[in-house]
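One letter stands for each residue in the lines below.
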Amino acid sequence: MKRLIIYTCLALLTRAAFADEALDNELASLQHAWAKATYQTSKDQQETAFKNLSEQAHQLTAKNPEANEAQIWEAIVLSGYAKSMGPLHPVNALKAAEQARDLLQASIKSNPQALNGSAYTTLGSLYFRVPGWPIGFGDKKKGREYLEKALQLNPTGIDSNYFYADYLRAQGDYGQAVTYYQKALQAPARPGREDADAGRKQDIEEGLKLAQSKLK
């Protein structure tokens with residue numbers, strides 16, 4: 001009887017390990033596809049790329065409903081999809097942004113520290129970029145609160161510092177923006193995310209130049 005219990009436990013642990021590995025592999029594939037859509041796809045092709053990617057991301061979340069990482073990445077993809085639609089399809093763009101917001105809020109409620117607080121980073125960016133009432137749910141005060149929470153959880157992260165710097169620049173606080181852009185440039189590399197890091201550093205350098213030009 002004891003052997004049966006041991007074998008059953010080992011089988012369950014092995015199955016869980018395989019499931020975790022499969023999720024990690026699918027997330028890595030999604031991350032690379034996101035980097036390609038964001039940084040290596042022409043503007044006129046981005047909407048199609050993100051539409052297809054959002055369907056892939058949703059399937060991953062559906063297969064792993066308890067995985068906060070999948071929720072966060074579906075939200076990140078939906079945020080990119082909303083941005084790619086821009087002013088040409090405002091209703092659909094807002095719908096995608098709202099879906100992203102809801103996924104991020106659910107993830108934070110379940111595990112606020114998942115992916116080093118990445119949900120706060122994306123949620124903060126959404127709140128400060130989406131138009132406010134009566135058009136959308138945008139709220140710059142909430143955006144700042146979420147971005148500052150992201151920095152508390154990941155003070156040296158490339159994204160947490162970049163998005164906070166972008167927020168500060170948009171608010172006209174150019175000196176502080178420069179400080180956080182520079183922190184973002186000094187962020188440690190993310191293993192397996194070299195393509196995303198390279199693209200993000202281009203974003204940072206562009207934002208840094210804009211902020212510095214305002215200080216002259």
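Here the structure is shown first, and the text comes after it.
These numbers come from a predicted model, not from an experiment. (Residues numbered from 1 in each chain as written. Predicted model: local features only at pLDDT ≥ 70, side-chain atom pairs only at ≥ 80, totals over all residues. Heavy atoms only, no water.)

Visitor: Sorry if this is basic, but what is going on with helix H2 (residues 43-63) here?
Guide: In an α-helix, one turn spans 3.6 residues; hence positions three or four apart end up facing the same way. Its 21 residues place the ends of H2 31 Å apart at the C-alpha level, agreeing with the 30 Å of an ideal helix rising 1.5 Å per residue. Of the residues making up H2, those classed as buried are Gln 46, Phe 50, Leu 53, Ser 54, Ala 57, Leu 60 and Thr 61. Buried residues along H2 cover an arc of 125° about the axis, so they all sit on one side. Residues of H2 that are exposed and point over 90 degrees away from its buried face: Asp 44, Gln 59, Ala 62 and Lys 63. (Helix = DSSP H or I, 4+ residues; strand = E, 2+ residues; numbered from the N terminus. Expected span 1.5 Å × (residues − 1). Buried < 20%, exposed > 50% of the residue type's maximum accessible area, 1.4 Å probe, protein only. Arc of directions from axis to C-beta.)

Visitor: Explain the side chain of Asp 166 to me, please; I cannot follow it from the model alone.
Guide: Assignment of secondary structure puts Asp 166 in helix H7 (residues 158-170). Ignoring sequence-local partners within four residues, the contact set of Asp 166 consists of Phe 128, Arg 129 and Tyr 181. (Contact = heavy atoms within 4.5 Å.)

Visitor: Please clarify how the packing of H7 against helix H9 (residues 194-215) should be interpreted in this entry.
Guide: Where H7 meets H9, the closest approach of the two axes is 10 Å, and the angle between their N-to-C directions is 25°. On the basis of the axis angle, H7 is roughly parallel to H9. The handedness of the crossing between H7 and H9 comes out as left-handed. Mapping the contact onto sequence places Ile 158, Asp 159, Tyr 162, Phe 163 and Arg 169 in H7 and Asp 197, Arg 200, Lys 201, Asp 203, Ile 204, Gly 207, Leu 210 and Ala 211 in H9. Per-class residue counts for the contact of H7 with H9 are six nonpolar, one polar and six charged. (Axes fitted to C-alpha atoms, helices over the stretch in contact; angles between N-to-C directions. Parallel < 35°, antiparallel > 145°, perpendicular 65-115°, else oblique. Left-handed = near helix turned anticlockwise from the far one by under 90°. Nonpolar A, V, L, I, M, F, W, Y, C, P; charged D, E, K, R; others polar.)

Visitor: Looking at this model, I keep getting lost on unusual backbone geometry. Mind explaining?
Guide: Trans is the common state for peptide bonds, and a negative phi is the common state for residues other than glycine. With an omega of 10°, the peptide bond running from Trp 133 to Pro 134 counts as cis. Inspection of the secondary structure puts Pro 134 in the loop between helix H5 (118-129) and helix H6 (140-153). Even without being a glycine, Leu 115 presents a positive backbone phi close to 50°. Relative to the elements of secondary structure, Leu 115 occurs in the loop between helix H4 (90-110) and H5. In this structure, Asn 116 takes a positive phi of about 55° despite not being glycine.

Visitor: Looking at this model, I keep getting lost on the packing of H2 against helix H3 (residues 68-85). Mind explaining?
Guide: Helices that pack against each other are described as a pair by the angle of their axes relative to one another and the distance between those axes. H3 packs onto H2 with a crossing angle of 160° between their chain directions and a minimal axis gap of 9 Å. Taken together, the axes of H2 and H3 lie roughly antiparallel to each other. Taken as a pair, H2 and H3 cross one another with a handedness that is left-handed. On the side of H2, the interface is formed by Gln 46, Glu 47, Phe 50, Lys 51, Leu 53, Ser 54, Ala 57, His 58, Leu 60 and Thr 61, while H3 contributes Ala 70, Gln 71, Glu 74, Val 77, Leu 78, Gly 80, Tyr 81, Ser 84 and Met 85.

Visitor: Just checking my understanding: could you explain the environment of Tyr 146 for this structure?
Guide: Within the element layout of this structure, Tyr 146 appears in helix H6. Each C-alpha atom, one on Tyr 146 and one on Ala 37, is 26 Å from the other, the two residues being 109 residues apart in sequence. Non-local contacts of Tyr 146, meaning those with residues more than four positions away in its chain, are made with Gln 105, Tyr 120, Leu 123, Gly 124 and Tyr 127.

Nothing here speaks to function; it is all geometry.
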